[in-house]
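# Coordinate analysis (summary)
The lines below spell out each chain.
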Amino acid sequence: MVLPTVHDNVKISSTMDDCEIPQHVAIIMDGNSRWATARGLPRIAGHRAGAQAVKRSIEFAIEKQIKWLTLYAFSSENWQRTPEEVSDLTGLLKFYLKSEVKKLHKQNIRIRIIGDITRFDQNLQNDLHAVEYLTKNNDALVLTLALSYGGRGEVIQAVKRICQDRVDKLLDSRDITEDLFASYLFTADIPDPDLILRTSGESRLSNFLLWQAAYAELIFIDTLWPDFDKEDFDRVIDIYIRRERRFGARPGLEDSE
Ligand code: IPE
Ligand code: IPE
Ligand code: MG
């Protein structure tokens, strides 16, 4: 658990809209391998412990009445890891889909997948589609799993589909607005994240939600993902609430007019 920096403790002004509980929290769940290495364990042990932290974070999100939780579980660049690690990760994913889905469905959680899942084996693709279909009417929490996901790839597939729709005369170049572009992204009907959290001390996005992150509050903590607990979650929400979101506007304007 890392204390917020001094800046994070300073409330600059209460004149703009003070942040409330974030509606959409997106998490870059990083640090599994370092957690395992520090214990002399194989990397898979870190990923298994990371899966337990996923379960905890879903519980915290529900407790806090967060409406959208997006978890970066496997990036398009993670395909570069060894075949053994990729197979361990996909194996874990299959295992947890089977063991957790009923419970998540009972909790009224909708599961969404973003990313290029055609790179996974057909069985896993079928399981992922089935889970999305089963939970499609649930609305307590939308849990989006970013799998084989990369922000640049997501933008490119959007551009290709827009070009095709232009060729098919379904749209005109003048129709291309930010909203239209966003509707071609995997996240089409998901609001932009209010908060992007990364664990493990790294301060980078690693190709996560590049378009959608435009005005997200970014919070980086040193905790390794398998250690992520309720205290971390509370602290992160607290840092977020103390932030002042400006969206490019002038703070305090409404006081002077
Ligand atoms: C995050 O843990 C999980 C994935 C990227 C799949 P890492 O395996 O990246 O762990 P570190 O960052 O090397 O410790
Ligand atoms: C980002 O973590 C991807 C996920 C957490 C799924 P990485 O560990 O792959 O990112 P880098 O390599 O440190 O940027
Ligand atoms: Mg990592």
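Okay, so let's go over this structure. Quick caveat, the model's predicted, so the values are computed rather than measured. (Residues numbered from 1 in each chain as written. Chains lettered and ligands numbered in written order. Predicted model: local features only at pLDDT ≥ 70, side-chain atom pairs only at ≥ 80, totals over all residues. Heavy atoms only, no water.)

## Considerations on the site of ligand 1
The condition that has to hold: Whether a residue is near a molecule or strand depends on its heavy atoms: it is near if one of them lies within 4 Å of it. Any N or O atom pair separated by 3.5 Å or less is treated as a polar contact, with the protein-specific requirement of one donor-capable and one acceptor-capable atom, and with residues adjacent in sequence counted only for side-chain atom pairs. The method behind every accessible area is Shrake-Rupley, applied with a 1.4 Å probe, and residues are considered shielded solely by the protein chains displayed.
If you check the shell around ligand 1, you find Met29, Asp30, Gly31, Asn32, Ser33, Arg34, His47, Ala73, Asn78, Arg81 and Leu89 and nothing else. Take aspartate 30: an N or O atom from its side chain is 2.7 Å from an oxygen atom of ligand 1. Between an oxygen atom of ligand 1 and a side-chain N or O atom of arginine 34, the distance comes to 2.7 Å. For ligand 1, the accessible surface in isolation is 370 Å², of which the surrounding protein chains cover 86%.

## A look at the packing of aromatic side chains
Here is the rule we go by: Centres within 6.5 Å make a pair out of two Phe, Tyr or Trp rings, where for Trp the six-membered ring is used; the pair is then stacked when the planes are under 30 degrees apart, edge-to-face when over 60, and tilted otherwise. We count a stretch as a helix when DSSP gives it H or I for four or more residues in a row; a strand needs E for two or more, and each element gets its number in order from the N terminus. Only protein chains enter the calculation, and the probe is 1.4 Å; a residue is then buried if its accessible area is under 20% of its type maximum, exposed if over 50%, and partly exposed in between. Ring-over charges, as used throughout, are those where CZ of Arg or NZ of Lys falls within 6 Å of the ring centre and within 35 degrees of the ring normal.
Counted under the stated rule, the structure contains 13 aromatic pairs. Measuring from centroid to centroid gives 5.6 Å for phenylalanine 60 and phenylalanine 233, while their planes differ by 55°, and the two rings are tilted. On the criterion of sequence distance, the pair formed by phenylalanine 60 in helix α3 (residues 43–63) and phenylalanine 233 in helix α8 (residues 230–242) is long-range, its members being 173 residues apart. Accessibility classification places phenylalanine 60 together with phenylalanine 233 in one group, the buried group. Sitting over the face of the ring of tyrosine 133, lysine 136 holds its NZ or CZ atom 4.3 Å from the ring centroid.

## Some points on the pairing of strand β4 (residues 141–149)
Regular strands show a simple pattern: their side chains alternate between the two faces of the sheet. This is how the line gets drawn: Only when DSSP finds a minimum of two bridges between them are two strands counted as paired.
The element β4 is largely enclosed, with a buried count of nine among its nine residues. Inspection of the sheet shows strand β2 (residues 68–75) paired to β4 by seven bridges, in the parallel sense. Across the sheet, tyrosine 72 pairs through a bridge with alanine 146, a residue of β4.

## Focus on the site of ligand 2
Our working rule: When residues are sorted by character, Ala, Val, Leu, Ile, Met, Phe, Trp, Tyr, Cys and Pro go into the nonpolar class, Asp, Glu, Lys and Arg into the charged class, and all the rest, Gly among them, into the polar class.
Inspection of the region around ligand 2 gives Ile28, Met29, Asp30, Tyr72, Ala73, Phe74, Asn78, Arg81, Arg198, Arg204 and Ser206 as its neighbouring residues. In this structure, arginine 198 approaches ligand 2 through a side-chain N or O atom, which is 3.3 Å from an oxygen atom. For ligand 2, the accessible surface in isolation is 390 Å², of which the surrounding protein chains cover 77%. Split into classes, the residues belonging to the shell around ligand 2 amount to five nonpolar, two polar and four charged.

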